[in-house]
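Close look at the chain arrangement
Each chain, letter by letter, is given below.
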Amino acid sequence: MKSFDTIVIGAGHNGMTAANLLARRGQKVLVLEASQVPGGMATSSELAPGYSIPSIAHSLNGLDDKTIAALGLAGAGLRFEPDPLPTVCLLPAADPLVLPNGYAAPIPGMAGGDQKNWQDLLGSLSFQAAILKQFIASTPPQPRERSFQLKAEGLKAALKMKRAGKSELREFLRMVLMPAADVVQEAEIDRRLAGLLSFDATLGIAVGPRSPTSILGLYYRLATQTGQPRVPVGGMAAAMNAFHQAGVAAGAVFRFGTPVRRIVVDGGKVTGVVTEGGEEIGAATVLSAISPVATFGSLVGSRVMDTGIVRDVRSIRTKGNVTKLNLALGLRPTFKGAGNGATRLVFAPSVDDVERAFNPSKYGELPEAPCFEAILSAAGDQSVPAGAAYLSVSVQNTPYDLRSGWKKGRVALMKSVMTRLEQFSPGIAKAVVAAETLAPPDIEERYHVPGGHWHHGEWQVDRLFFNRPVFGAANYRAPIEGLFICGAGTHPGGGVNGLSGLNAAREILGAVR
Amino acid sequence: MNKPYDVIVVGAGHNGLVNACYLQRSGLNVLVVEKNDWIGGAAVSRELTPGILYSNCSYVCSLFRPEIMRDLELAKHGLQIIAYEGGAVFKQDGDFLASYRNHHAHRREFARHAPRDGEAYERYARDVTRQCRFIQPLLMRTAPDPASLKPRDLGEMLFLLKKFNELTAREMADTIRFWTMSISDFLDEYFEAEVIKAYLAISGIIGTALGPMSPGTAYVLLHHYMGEVDGNVGAWGYARGGMGAITRALSSSFLASGGTILTDAQVSKVLVRNGRTTGVVLENGDEHLATTVVSNADVKRTFLKLVEEPELPGDFVRQVRNFKMRGSSGKVNIALDSLPEFPALPKGSPCIRGDMHFTDTVERMERGYDDWKAGTWSADPFLDMMIPTTIDPTMAPPGQHFMSCFVQYCPPKIRNADWTDADRDAFGQTVINQIADYSPGFKDRIIHMEVRTPRELEAEVGLTEGNIFQGELTFDQLLFNRPIPGYAQYRSPIAGLYICGSSTHPGGGVMGAPGRNAAIEIMRDLKRNASHASPAHEIL
């Protein structure tokens with residue numbers, strides 16, 4: 001039987017991040033991936049001959065320079081397009097609102113008062129997000145824990161607030177769990193920006209902008225965002241290949257097309273894994289980078305775990321609510337406000353529109369007017385044929401348990417989004433060469449994520465920090481010796497940022513030492 | 001010119017009266033001014049049709065603090081709370097879910113609907129009781145200002161941390177979850193039967209402009225569970241003689257200790273000179289002087305209507321404007337010539353003597369909330385309906401009954417326009433129709449009916465937007481955030497002006513704690529002995 005120091009299950013970006021770091025520290029690392037390519041939900045796939053389109057995730061906003069350097073990603077070929085990714089807010093019966101560079105720059109053509117309110121709000125949100133940021137790049141503090149690191153982080157956060165003054169601290173403690181809708185209303189920002197922020201706060205989470213705590217989604221976005229929004233050269237597949245190559249260069253061994261059947265536990269300790277092919281591979285440490293529900297539910301099994309943790313894992317809310325529509329287009333469509341570069345289009349005209357789209361999703365129904373964001377590829381993008389383009393659309397509020405069934409739902413959703421797009425880019429429907437609809441059940445099947453949730457489980461306050469994925473496994477350690485977990489289902493959550501992989505690798509190194 | 005008082009309390013609601021009682025008993029000379037020609041605010045019994053008393057605003061009692069009842073000798077002044085037995089949720093399929101005070105009977109009924117839910121109920125009851133135990137001592141204390149380094153705030157902060165530190169790591173993690181979850185998600189972790197979830201979700205939404213699927217509603221449930229009747233934590237009861245019995249006992253206690261109440265005395269302005277309050281002026285022009293003024297009115301009414309804007313810091317006014325008071329409920333009060341029948345209930349069932357509901361799924365509740373968000377009352381509203389006269393014979397002649405229906409959701413405006421009488425009548429009909437669906441011949445039993453929308457609640461009781469809690473119970477408006485961060489200790493930017501209503505910590509419900517806590521702060525400022533206010537007792 002072959003043996004490794006650590007076996008990583010899943011070559012998603014977090015698994016590859018952890019493997020890379022562990023191999024760099026001299027561990028013998030094996031990465032087992034069920035599919036034939038690296039990247040999990042963050043790669044691209046060929047939708048039609050010559051069209052490589054982001055399968056699920058379509059931007060790399062969260063990956064910061066420190067991580068890129070630590071993993072040697074630049075040396076492995078990761079490059080970013082030089083131009084920032086503009087956001088174009090599509091508005092019915094009005095000109096679009098264009099944000100040239102994420103939230104950062106002043107918005108062209110906006111009146112002084114609105115501009116000021118917008119900058120003021122961003123100022124306080126960024127300050128508040130920075131406080132939370134102290135806690136995302138490391139293992140979350142556990143209740144009753146009195147470690148040096150926690151004290152250091154707590155002190156840093158406290159000092160930051162202290163320096164900012166009493167009113168900032170009070171404002172933080174008041175706003176931190178507010179509904180996004182109330183925050184934007186109090187700040188009296190432009191109605192169109194209010195719609196955009198409501199959408200950005202709630203995308204991928206089963207809340208509406210009027211739900212308390214929905215502002216947290218915006219904090220997370222701000223805390224993990226790295227300056228300007230970034231697009232990798234060559235698309236998501238190129239970025240994931242860089243992760244893979246960097247891992248190989250660091251010394252990790254990758255095996256694709258090798259799904260794991262179970263994690264072997266003997267006497268309360270992990271001893272290795274058994275693959276679907278029946279091969280047993282030994283390791284004293286196993287890091288599962290797939291969904292925690294799949295890890296505990298299928299790979300470990302409830303027989304070797306306490307009832308309490310089994311019940312907790314069952315209570316993780318895993319049902320996804322984002323559907324991905326991928327469109328291969330024969331020619332690049334024109335959208336008013338969009339230039340030649342890659343562009344983010346958002347349809348979320350107002351807070352009420354975002355909230356109204358949320359309502360039916362609570363009952364397993366599709367919204368009448370769905371809100372969505374779409375990435376339009378740059379003119380001259382190499383991942384599509386010359387002159388062609390792709391549109392990668394994430395549609396919010398499309399529940400896993402669709403009552404009328406996804407068979408009809410896929411058709412209906414595609415139709416309603418195409419009708420909307422046609423409003424802003426007449427003729428776009430005729431340019432469609434190929435299209436696919438990845439509803440949550442499709443994501444579940446294709447990526448082996450129970451529920452098909454982006455974040456492997458709801459990203460809401462009750463499942464954050466020491467409660468993510470569940471209490472007792474939130475420091476990346478499963479309650480079984482030698483078993484570790486990382487991935488979107490663990491702290492700090494989803495997004496292509498590699499943070500949980502980094503944090504988990506540090507925990508493993510700490511435990512081994 | 002009237003003779004000066006030490007303290008003037010604006011508004012004879014239950015918190016204003018509690019506050020006045022404590023202050024009068026510390027030797028201060030207190031005047032209570034009330035705009036209506038009756039006292040009680042939202043805790044009243046009114047004879048709206050001959051012989052029948054209506055608890056026409058608040059209608060049940062549990063939260064009123066027993067410490068206050070003892071301190072102010074309210075039993076001696078005639079207050080008696082009677083716990084009620086039972087309740088029911090009527091299902092659309094003709095069955096019903098009964099609730100009983102007896103834990104074992106209750107558990108058996110849960111198990112009848114889903115075998116595993118009986119067992120889950122034990123876990124649920126244990127977990128929720130633990131949360132009650134954690135929060136109850138906080139009710140009777142002033143919340144610390146986390147941005148302050150004053151010894152007292154640090155001390156209170158330390159108390160909070162100590163309280164938190166008594167929990168195990170697991171309990172801490174659960175507490176954080178509980179405080180931030182939606183009641184629907186919380187119940188999903190325990191129960192299977194829809195009707196059981198719908199029944200238990202009720203306490204998560206009453207009085208709140210949120211649906212059961214909104215995060216934060218599990219805390220609202222706690223707010224309704226942390227009361228007690230006769231030492232039974234979580235129990236609810238009727239005040240004998242209607243809810244007005246509470247404020248009647250309070251006023252009797254107040255008058256007995258030498259206080260003065262002036263009714264039909266609407267305050268038009270709180271007088272302020274050089275940043276200090278000097279008293280109040282009434283609508284009729286009368287001035288009453290005092291160096292301390294306590295407002296029982298909600299925070300918006302107090303600072304946006306009763307105080308001239310230039311007297312307040314601009315930032316403070318902005319924050320008061322941003323305080324969320326969202327009317328979400330209405331009330332339909334009905335006098336009946338006979339006891340209605342509910343064929344779903346077995347003959348002689350005690351359930352008719354408790355709280356009855358017709359919403360048998362969480363989804364129906366949530367859809368009711370969607371209607372509210374769209375600016376209209378729920379087409380299929382949630383009702384918290386009771387007939388107190390089945391237990392309390394003092395409220396109606398023999399055979400006749402008073403029925404109270406609390407209705408959610410009901411917006412403060414209809415699609416941004418003011419309520420009209422026609423709207424109100426249509427709203428009332430929606431409610432009556434729902435009851436009649438489950439009670440044949442119900443409409444023929446009605447002698448008299450009063451329909452109250454947020455418009456009526458605001459006009460009569462003075463609750464802005466008709467919000468029964470004087471402000472939403474969301475995290476941004478709880479503890480040190482209630483009502484305004486930095487002003488959560490019952491004081492205001494104006495020296496000598498205090499607030500003591502449900503807009504302040506710990507919030508709404510006929511609890512009395514805000515009035516008592518404010519009194520303690522005032523006695524501290526005026527260097528009075530506060531030993532007659534007992535501290536919170538422990539739940540065992």
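Not measured: the values here are computed from a predicted model.

1. Here we look at the state of the cysteines
- Throughout the structure, instances matching the rule amount to 0 disulfides over all chains.
- Left unpaired, C61 of chain B is separated from the closest cysteine sulfur, that of C57 of chain B, by 15 Å.

2. What about the domain arrangement of chain A?
Residues and elements named next belong to chain A.
- Each assigned domain of chain A is listed here: domain 1 (3–40 + 233–316 + 457–512) and domain 2 (113–224).
- Contacts between the two partners involve 20 residues from domain 1, matched on the other side by 19 residues from domain 2.
- Taken together, the two surfaces of domain 1 and domain 2 that pack against each other cover about 1600 Å², and 67% of this comes from carbon and sulfur.
- Connecting domain 1 to domain 2 are 0 salt bridges.
- Applying the counting criterion to the domain 1 and domain 2 interface returns 10 residue pairs in polar contact (both at pLDDT 80 or more).
- Of the residues assigned to the side of domain 1 that touches domain 2, the class counts are 10 nonpolar, 7 polar and 3 charged.

3. Here we look at the environment of F442 of chain B
Residues and elements named next belong to chain B.
- Assignment of secondary structure puts F442 in the loop between α14 (421–438) and β19 (446–452).
- On the accessibility criterion, F442 (0% relative accessible area) is buried.
- F442 has contacts with I334, L336, P340, M403, I432, I435 and A436, leaving out every residue within four places of it along the chain.

4. Notes on a positive patch on the surface
- On the surface, a cluster of positive charge is contributed by R25, K66, K133, K156 and R506 of chain A.
- Checked against the element boundaries, R506 of chain A lands in helix α15 (residues 499–512).

5. So, helix α11 (residues 299–306) of chain B
All names here are of chain B.
- Of all 8 residues in α11, 6 are buried; the element is thus mostly enclosed.
- Every buried residue of α11 is listed here: V299, K300, R301, T302, F303 and L306.
- Check the buried side of α11 and you find it contacts β1 (5–10), β12 (267–273), β14 (287–295), α12 (314–322), α15 (454–461) and β20 (497–499).
- The distance from a side-chain oxygen at the start of α11 to the backbone nitrogen of K300 is 3.0 Å, and the residue carrying that oxygen is D298.

6. A look at the side chain of N467 of chain B
Residues and elements named next belong to chain B.
- Considering the arrangement of structural elements, one finds N467 in the loop between α15 and β20.
- Separated by 3.2 Å, the side chains of N467 and E472 make a polar contact.
- Look past the residues within four positions of N467 in its chain and what remains in contact with it is M325, R326, G327 and E472.

7. Focus: the packing of helix α4 (residues 115–139) of chain B against helix α6 (residues 169–180) of chain B
Residues and elements named next belong to chain B.
- Taken N-terminus to C-terminus, the directions of α4 and α6 make an angle of 85°; their axes are 11 Å apart at the nearest point. Taken together, the axes of α4 and α6 lie roughly perpendicular to each other. Listed contacts from α6 to R130, Q131, F134 and I135 of α4 are E171, D174, T175, F178 and W179.
- Taken together, the residues that form the contact of α4 with α6 break down as 4 nonpolar, 2 polar and 3 charged.

8. Quick word on helix α9 (residues 235–250) of chain A
Residue and element names in this part refer to chain A.
- In a regular helix each residue adds 1.5 Å, so 16 residues correspond to 22 Å; α9 covers 23 Å between its end C-alpha atoms and thus fits that length.
- Regarding α9, the residues found buried are G235, M236, A237, A239, M240, A242, F243, H244, A246, G247 and A250.
- On the buried face of α9, the contacting elements are α1 (13–24), β3 (44–48), β4 (51–54), α2 (65–71) and β7 (253–255).
- G251, located one to two residues past α9, shows a positive phi value of around 110°.

9. Digging into the packing of aromatic side chains
- Evaluation of the coordinates by the stated rule reveals 32 aromatic pairs over all chains.
- Residues W179 of chain B and Y219 of chain B carry aromatic rings whose centres are separated by 4.9 Å and whose planes lie at 45° to one another, so their mutual orientation is tilted. Taken together, the residues W179 of chain B in helix α6 and Y219 of chain B in helix α9 (residues 217–225) connect sequence positions 40 residues apart. Just as W179 of chain B is buried, Y219 of chain B falls in that class too.
- Ring centres 6.1 Å apart and planes at 70° place the aromatic pair W377 of chain B and F427 of chain B in the edge-to-face group. Of this pair, W377 of chain B sits in the loop between α13 (362–373) and β17 (382–386) while F427 of chain B sits in helix α14, and the two are 50 residues apart along the sequence. Taken individually, W377 of chain B and F427 of chain B each receive the classification buried, so the pair is uniform in this respect.
- Taken together, the aromatic side chains of F110, Y121, Y124, F178, F186, Y190 and F191 of chain B make up a single cluster linked through ring pairs.
- One cation-aromatic arrangement involves K28 of chain A over F4 of chain A; the distance from NZ or CZ to the ring centre is 5.6 Å.

Rules used in this analysis
- In this numbering scheme, every chain counts its residues from 1 along its sequence in written order.
- Following the order in which they are written, the chains are lettered starting with A and the ligands numbered starting with 1.
- Given that this is a predicted model, residues contribute local features only at a pLDDT of at least 70 and side-chain atom pairs are listed and counted only at 80 or more, while totals for whole chains, interfaces and linings are drawn from all residues.
- To obtain the side-chain values, all non-hydrogen atoms of the structure were used and water was disregarded.
- For this text, the term disulfide refers to a pair of cysteine sulfurs within 2.5 Å.
- Bear in mind that the domain bounds are from an automatic or database domain assignment.
- Residue contacts are counted whenever heavy atoms from the two residues lie within 4.5 Å of one another.
- Note: buried area is the sum, over both parts, of the accessible area (probe 1.4 Å) each one loses when the two are combined.
- Salt-bridge detection follows one rule: a side-chain nitrogen of Lys or Arg within 4 Å of a carboxyl oxygen of Asp or Glu.
- Polar contacts, as used here, are pairs of N or O atoms within 3.5 Å; protein pairs need one atom able to donate a hydrogen and one able to accept it. Residues neighboring in sequence count only if both atoms are side-chain atoms.
- In this classification, the charged set is Asp, Glu, Lys and Arg, the nonpolar set is Ala, Val, Leu, Ile, Met, Phe, Trp, Tyr, Cys and Pro, and all remaining amino acids, among them Gly, are polar.
- Where helices and strands are cited, they refer to DSSP runs of H or I of at least four residues and of E of at least two residues respectively, numbered from the N terminus.
- The buried label goes to any residue with under 20% of its type's maximum accessible area, the exposed label to any with over 50%, and the partly exposed label to all in between, with areas taken from a 1.4 Å probe on protein chains only.
- Patches in this entry comprise residues that are over 30% relatively accessible and not in a salt bridge; like charges within 9 Å are linked, as are nonpolar side chains (Val, Leu, Ile, Met, Phe, Trp, Tyr) within 5 Å.
- To be clear on the numbers: accessible area is Shrake-Rupley with a 1.4 Å probe, and residue cover counts the displayed protein chains and nothing else.
- Charge assignment: positive for Lys and Arg, negative for Asp and Glu; neither His nor the chain ends contribute.
- The location of each charge is read from NZ of Lys, CZ of Arg, CG of Asp or CD of Glu.
- Lines fitted to C-alpha atoms define the axes, with helix axes restricted to the stretch in contact, and inter-axis angles between N-to-C directions lie between 0 and 180 degrees.
- Put simply, angles under 35 degrees are roughly parallel, angles over 145 are roughly antiparallel, angles from 65 to 115 are roughly perpendicular, and the rest are oblique.
- Here, expected helix span is obtained from the residue count minus one, scaled by 1.5 Å.
- Each Phe, Tyr or Trp ring, with Trp reduced to its six-membered ring, pairs with another whose centre is within 6.5 Å; inter-plane angles below 30 degrees give stacked pairs, above 60 give edge-to-face pairs, and intermediate values give tilted ones.
- In this scheme, Lys NZ or Arg CZ marks a charge over a ring once it lies within 6 Å of the ring centre and within 35 degrees of the ring normal.

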